[in-house]
Amino acid sequence: MSRRHWDESQFTDRPSRRGSRPRTKVRPEHADAVRGMVVGVDRGRYTLVVDLDTDDERQITAMRARELGRTRIVCGDRVDVVGDVSGDEGTLSRIVRVAERTTVLRRTADDTDPFERVIVANADQLVIVTASADPEPRPRMIDRCVVAAYDAGLDVLLCMTKTDLADPEPIVQFYRNLDIPVLTTSQASDGSIDGLAAVRAQLSGRTSVFVGHSGVGKSTLVNALVPGTDRATGHVNATTGRGRQTSTSAVALRLPADHVDSGWVIDTPGVRSFGLAHISVDQIVAGFEDLAEVATRCPRGCTHVATEPECALDTWIAESPDAETTEYRTNRVDSLRRLISSRLSDPTIN
Ligand SMILES: Nc1nc2c(ncn2[C@@H]2O[C@H](COP(=O)(O)OP(=O)(O)OP(=O)(O)O)[C@@H](O)[C@H]2O)c(=O)[nH]1
Ligand SMILES: [Mg+2]
Ligand SMILES: [Zn+2]
């Protein structure tokens, strides 16, 4: 079947379930469209959940209507869909509109890559999954994810996995000092995951996207959190300490709960690095409201890193009224500076 045929002719004017309607070439209104949430994208086919939060909630498969042009559709997008939305085997509907996104999580392959990848839409929390060992934790990667989350307006949760393999304390302490919530999980000898209750509590009622290096245990966590899920999990290569990217596309899964809005988790494929080419130093500073105010007193072009001779952040620390404030301000500024240094450095070395 030709691509054109597949894209257009076969489905454009299919009668809806409610019977036939006039065949017109342009129907901008699509008054009969149904709202859905994209829970998976695979080679031009979109898996949607429609009639969300009702007894009719179901999965359907859709393609994009040509009228969408080049608009990218990603996991988490809210879309309007027409055609056969029954979800019956073999049916295919058409996405005709993408709703405005509340948040957009982006990354670039590296800091010079002009090409932004949108990872997910409409998430409200970024869960940075980091293994205590196997693969080794890389704080610069964590920092980069934090920058991306702040920029996208997402809350941050750091989840340290594999604490059965190594002591996560130094990293846990470090990030807690920066006011980032940190949770830990481990695997018991029977394969079950410990520490889930606290993770569940943080995920409840929200849409959380899991990111991290390959092999850190994102899919293992998702499988444990959402019973009945069978995301493939992989092995970490003993020599390279790297996973082999077991998961290849993002998938959103509904968390189980006895109340309606149980929340969603989005499992994503492992990444090598988290490029921040789309985020400027100014945008990083903007993520720290109190420091952004102070930085307005910096000389023009100040990058605010520790080697800047006249950075107002140093004055701000020096002017602390007491020791406790000094410590707090120092931590805040260190944190910001680490993030800026991460952004200014080559991500391939992390
Ligand atoms: N010891 C230990 N192993 C774990 C733990 N969590 C996950 N693993 C193992 O780590 C390996 C990789 O886990 P995955 O869940 O596939 O990792 P992932 O982050 O989804 O990897 P990608 O899909 O490639 O990004 C699997 O062999 C898991 O069994 C843990 O807490 N402790
Ligand atoms: Mg995975
Ligand atoms: Zn400065």
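Residues numbered from 1 in each chain as written. Chains lettered and ligands numbered in written order. Predicted model: local features only at pLDDT ≥ 70, side-chain atom pairs only at ≥ 80, totals over all residues. Heavy atoms only, no water.

**Focus: the coordination of the zinc ion (ligand 3)**
So, step 1. Coordination sphere of the zinc ion (ligand 3), protein contribution only: Cys-298 (SG), Cys-302 (SG), His-304 (ND1) and Cys-311 (SG), at 2.0 to 2.4 Å.
So, step 2. Metal-centred angles of 102 to 117 degrees between the four donor atoms at the zinc ion (ligand 3) mark the site as tetrahedral.
So, step 3. Mapping the donors of the zinc ion (ligand 3) onto the primary sequence yields the spacing C-x3-C-x1-H-x6-C. Here the two residues Cys-298 and His-304 agree in accessibility, since each one is buried. (Donors = N, O, S within 2.8 Å, 3.2 Å for Na, K, Ca; no water. Tetrahedral: all angles 85-135°; square planar, octahedral: opposite > 155°, others 65-115°. Buried < 20%, exposed > 50% of the residue type's maximum accessible area, 1.4 Å probe, protein only.)

**Considerations on the site of ligand 1**
So, step 1. Taken together, 21 residues lie near ligand 1, and Asp-164, Ser-214, Thr-220, Gly-234 and Thr-246 sit nearest.
So, step 2. One nitrogen or oxygen atom from the main chain of Gly-215 is found 2.9 Å from an oxygen atom belonging to ligand 1.
So, step 3. At a separation of 2.8 Å, an oxygen atom of ligand 1 approaches a polar side-chain atom of Lys-218.
So, step 4. Relative to its unbound accessible surface of 660 Å², ligand 1 loses 90% to contact with the protein.
So, step 5. Breaking the shell around ligand 1 down by element, the ones donating at least two residues are strand E11 (186–187) and helix H5 (218–225). (Near = heavy atom within 4 Å. Polar contact = N/O pair within 3.5 Å; in protein donor to acceptor, adjacent residues only side chain to side chain. Areas by Shrake-Rupley, 256 points an atom, 1.4 Å probe, with all protein chains shown as cover. Helix = DSSP H or I, 4+ residues; strand = E, 2+ residues; numbered from the N terminus.)

**Details of the packing of helix H2 (residues 139–152) against helix H9 (residues 323–344)**
So, step 1. Two elements in contact, H2 and H9, have axes whose closest approach is 9 Å; the angle formed by their N-to-C orientations is 95 degrees. Between H2 and H9, the interaxial angle falls into the category roughly perpendicular. Here Pro-139, Arg-140, Asp-143, Arg-144, Val-146 and Val-147 of H2 come into contact with H9, specifically with Arg-338, Leu-339, Ser-341, Ser-342 and Arg-343. (Axes fitted to C-alpha atoms, helices over the stretch in contact; angles between N-to-C directions. Parallel < 35°, antiparallel > 145°, perpendicular 65-115°, else oblique. Contact = heavy atoms within 4.5 Å.)

**Some remarks on the nonpolar core**
So, step 1. Ranked by size, the top nonpolar core spans 57 residues in total, and within it Leu-105, Leu-126, Leu-158, Val-209 and Phe-274 carry the most contacts.
So, step 2. The element best represented in this core is H2, accounting for eight residues.
So, step 3. Contacts of Val-209, omitting those with residues within four sequence positions, involve Leu-105, Val-120, Ala-123, Gln-125, Leu-126, Val-127, Leu-154, Ile-266 and Thr-268.
So, step 4. Core analysis: the next-biggest nonpolar cluster, separate from the first, contains 20 residues, Val-129, Val-199, Phe-210 and Val-265 among them. (Core = buried A, V, L, I, M, F, W, Y, C linked by side-chain atoms within 4.5 Å.)

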